[in-house]
Structures are given as structure tokens and as C-alpha cells.
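Results of the structural survey
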Amino acid sequence: MPFDLSPIGPTLGAIIEGIDARDLSDADDAALKAAFAEHRVLVLRDQSLGADDQVTFSARFGPLYRMPYVKPLADHPDVIAVLKEADEVKVSTFGSWWHADFSYLEEPPVYSILQAHELPPAGGDTLFADLCTAYDALSDGMKAMLSPLKVMHSGHIYGTKLAPDGEKARMRSVEVSTGHVEADVERAHPLVRLHQPSGRPALFCSPTYTTRLEGMTATESASILGYLYEHIARPEFTIRQRWQAGDLLMWDNRAVVHLAVNDYDGHRRLLHRTTVASERPVPAFNQEDS
Ligand code: SIN
């Protein structure tokens, strides 16, 4: 392997050291993609990608995906600044509850990539939950019940109704626009999705975007989905990215959910984010025959 790799958790995530993301050989590129397929969350230490470099690096993994409803950098339409200023206190922040990015879209983005630029002295970590291992850990009976199901996802937090924490002021530094009628639309996706690179089934739901099970009311769905959210977030399925200066973090939205911990009021935090590729979620099991 042309770099050092150390696992973060027993089933999820790896730290990569000893490569420069701006200057990858073909062997580096192939080894990095193989590591990504296996570990699904990678942290490349000691990187300093400017926005142009980040776009070039991201394009190795597929076409850049322009994020809806979030204002990008003025001169880089494919890059958003995930920023909270020191004076933004007691506000809700971008991505602070479990989610896979834009999972409510017909073809949600596959990969997300974050370059650290400015970090608080402590806190501001990013958590990931392993949706493949969480699925594997379910009983055979539960797997059989869930496998044929679809779940409805909606972008309601960008829609016309108030988000659940709508009473709380939103951060001002990430310019998110709301009030979009099309964001209220619910779309059905398989509850058990295939992570193609590993061939593993993964649970595909999150408390941020999943509204209910297809064909059921939100109330009827609540106990099953509530159980799954609790299950996914069990400590043994999660890892924690404690940011270091120069970290470049990337994850596969088909196989993990993530959240940004909002615990660093009084400090500035700035990351640049790109998203890459998109696809209609592929069911892990044949939904008609199950
Ligand atoms: C996100 O991309 O959802 C935010 C992640 C973070 O700020 O750590």
C-alpha cells in the first residue's frame, strides 16, 4: 500500500497518512479507492486543499454534485463553506442530527468530502454510524421484515413548513434557503440499500429526512423507525472524527449516516465541502419477491 492506513473503529473508518491529495499517482488513486470501498469513511491527514484542489481531488470519485438550497462559495459553485462564527451561539447548525446527505432526492449524492480550514480548540467533532454493520447485527426475523420495505424521505427542512427545531435560530453563516415546495415532496427509497463497492446491505433511514414507511402513516411507522434510529446510533456502530488541522474527511452516503456535534459556541469552525456523484438508491434485496 502506498500510504499508512490505521483503522478508526473495528468496522468503520480509516486514517490515511503519507500521501498528498493534490498529487496522487495512479497507484495511490487505486489504493485510496480500494480503502474507501472497504472502510467507507477516510481521514487523510495533513492535507491543505484550496477550493480548486478540492474540486480536482473530488472529481476522481465522479462528477461534482451541486448541492440544492445551500449557497456555495461565490467563485466555486461546487463548494460550500460549512461555517459557524464565534458569535453564533445557541443556534442550530448545519447537519447536526443523523443524516445521509440529501437522501430525499431522487438520486442522492454518493460521496461527501470535507477539508478542515479552521477548528475550535476542542469539540466540533463529526460522528458517523455504520449502516452496514447495524444491518448485519439485526436478527434474521427483523431483517426479513425490513428487507422488502421502502421508506419515504423528504427535504422538509428546506420546505414550506417549520423544521422540528424551527423555534431555534438557525446559523447565519451557512446560507440555507427554505420555503421550497419541491422540498416537501416525499420520495420512496429502499429501507435496505446496497452499498455496491462492498456488496453489503445497509439500513437507509435517518431522523433528519425519513418521514415514514411507505404505505403507512407517520404514527404507525414511529415505533419501527424509532427502534432503527436507536439501533443505528449504538456506540458499537459509531466512530468519532476528532478534527485535526489539515484533515480531509470523506464518506460514502450509501453506507453511513453522520452528524456534526454543535458544542463549540464561542469559536469559529470552517470546513469546505464538496459532494460527488449521485444515484438512485439500489435495493439490497429484490423488493417484489421478498
Ligand atoms: C455535514 O456535512 O453534514 C456537516 C459535517 C460537519 O460539519 O462536521
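See the structure shown above.
To start, this report covers the structure provided alongside it. (Residues numbered from 1 in each chain as written. Predicted model: local features only at pLDDT ≥ 70, side-chain atom pairs only at ≥ 80, totals over all residues. Heavy atoms only, no water.)

Before going further, it helps to examine the overall build of the protein chain. Helix and strand content of the protein chain: five helices and 16 strands. In terms of overall dimensions, the protein chain is globule-like: its C-alpha atoms have a radius of gyration of 18 Å, near the 19 Å expected for 290 residues. The principal-axis extent of the C-alpha atoms belonging to the protein chain is close to 50 × 45 × 30 Å. Across the protein chain, contacts joining residues at least 24 apart in sequence account for 83% of those joining residues at least 6 apart. Of the accessible surface of the protein chain, which amounts to about 12500 Å², a share of 52% is contributed by carbon and sulfur atoms. Distance from the positive charge centre (27 side chains) to the negative charge centre (41 side chains) of the protein chain: 3 Å. (Helix = DSSP H or I, 4+ residues; strand = E, 2+ residues; numbered from the N terminus. Rg over C-alpha atoms; globule rule 2.2 N^0.38 Å. Contact = heavy atoms within 4.5 Å. Areas by Shrake-Rupley, 256 points an atom, 1.4 Å probe, with all protein chains shown as cover. Lys, Arg positive; Asp, Glu negative; His and termini not counted. Charge placed at Lys NZ, Arg CZ, Asp CG, Glu CD.)

A word on the packing of aromatic side chains. Evaluation of the coordinates by the stated rule reveals 11 aromatic pairs. Counting every residue linked through ring pairs, the aromatic cluster contains Tyr69, Phe102, Tyr104, Tyr158 and Tyr209. Its guanidinium or amino end placed over the ring of Tyr264, Lys84 lies 4.6 Å from that ring's centre, counting from NZ or CZ. One residue, Arg193, lies across the ring of Phe204, its end atom 4.5 Å from the ring centre. (Phe/Tyr/Trp six-rings, centres within 6.5 Å; stacked < 30°, edge-to-face > 60°. Lys NZ or Arg CZ within 6 Å of the ring centre and 35° of its normal.)

The environment of the ligand is made up of Val82, Phe94, Gly95, His99, Leu114, Thr126, Trp251, His258, Ala260, Arg269, Leu271 and Arg273. One nitrogen or oxygen atom from the side chain of His99 is found 3.1 Å from an oxygen atom belonging to the ligand. Here an oxygen atom of the ligand sits 2.9 Å away from a polar atom, N or O, in the side chain of His258. In the complex, 100% of the free accessible area of the ligand, which totals 260 Å², lies under the protein chains. Of the pockets mapped on this structure, the ligand occupies the largest cavity. Among the elements of the structure, strand S15 (256-260) and strand S16 (269-278) are those that each provide at least two residues to the shell around the ligand. Of the residues forming the shell around the ligand, the biggest block, three residues, is contributed by S16. (Near = heavy atom within 4 Å. Polar contact = N/O pair within 3.5 Å; in protein donor to acceptor, adjacent residues only side chain to side chain. 1 Å grid on protein atoms, 1.4 Å probe; cavity = no way out; pocket = protein on both sides within 12 Å on 5 of 7 lines; lining within 4 Å. Sits in = over half its atoms within 2 Å of the grid points.)

Backbone hydrogen bonds hold the strands of a sheet together, and the pairing may be parallel or antiparallel. One open sheet holds the three strands; their spatial order is S9-S8-S12, and the pairing between them is antiparallel. Looking along the sheet, the strands with just one partner apiece sit at the ends: strand S9 (186-190) and strand S12 (210-213). Between one strand axis and the next, the sheet turns through 35° on average, direction left out of account. Pairing geometry for strand S8 (residues 150-154) and S12, over three bridges, is antiparallel. (Pairing = 2+ DSSP bridges. Axes fitted to C-alpha atoms, helices over the stretch in contact; angles between N-to-C directions.)

Phi at Asp46 is positive, roughly 60°, even though this residue is not glycine. Here Phe102, not a glycine, exhibits a phi torsion of approximately 50°, which is positive. Note on placement: Phe102 falls in the loop between strand S5 (80-84) and strand S6 (109-118).

Where burial is concerned, most of S5 is hidden: five out of the five residues are buried. With five bridges connecting them, S5 and S16 associate as antiparallel partners. Bridge pairing in S16 places Val82 opposite Leu271. (Buried < 20%, exposed > 50% of the residue type's maximum accessible area, 1.4 Å probe, protein only.)

Turning to the pattern of salt bridges, a few remarks are in order. Side chains that carry opposite charge are capable of pairing whenever their charged atoms lie near each other. For the coordinates displayed, the defined rule picks out 22 salt bridges. With its nearest N and O atoms 2.9 Å apart, the salt bridge here joins Glu186 to Arg212. With a gap of 26 residues between them, Glu186 in strand S9 and Arg212 in strand S12 connect regions that are remote in the sequence. Owing to a relative accessible area of 30%, Glu186 belongs among the partly exposed residues under this scheme. In this structure, Glu279 engages Arg193 in a salt bridge whose closest nitrogen and oxygen atoms are separated by 3.5 Å. Note that Glu279 is positioned in the segment after S16 and Arg193 in strand S10 (residues 192-195), a separation of 86 residues in sequence. The residues Glu279 and Arg193 share a single accessibility class, namely buried. Connected via shared salt-bridge partners are Arg193, Asp252, Arg254 and Glu279. (Salt bridge = Lys/Arg side-chain N within 4 Å of Asp/Glu carboxyl O.)

Let's shift gears to the side chain of Gln241. Relative to the helices and strands, Gln241 resides in strand S13 (residues 238-241). Of note is the side chain of Gln241, whose polar atom sits 3.0 Å from the side chain of Asp247. In contact with Gln241, other than residues within four places in its own chain, are Val43, Arg45, Asp125, Thr126, Phe128, Asp247 and Leu249.

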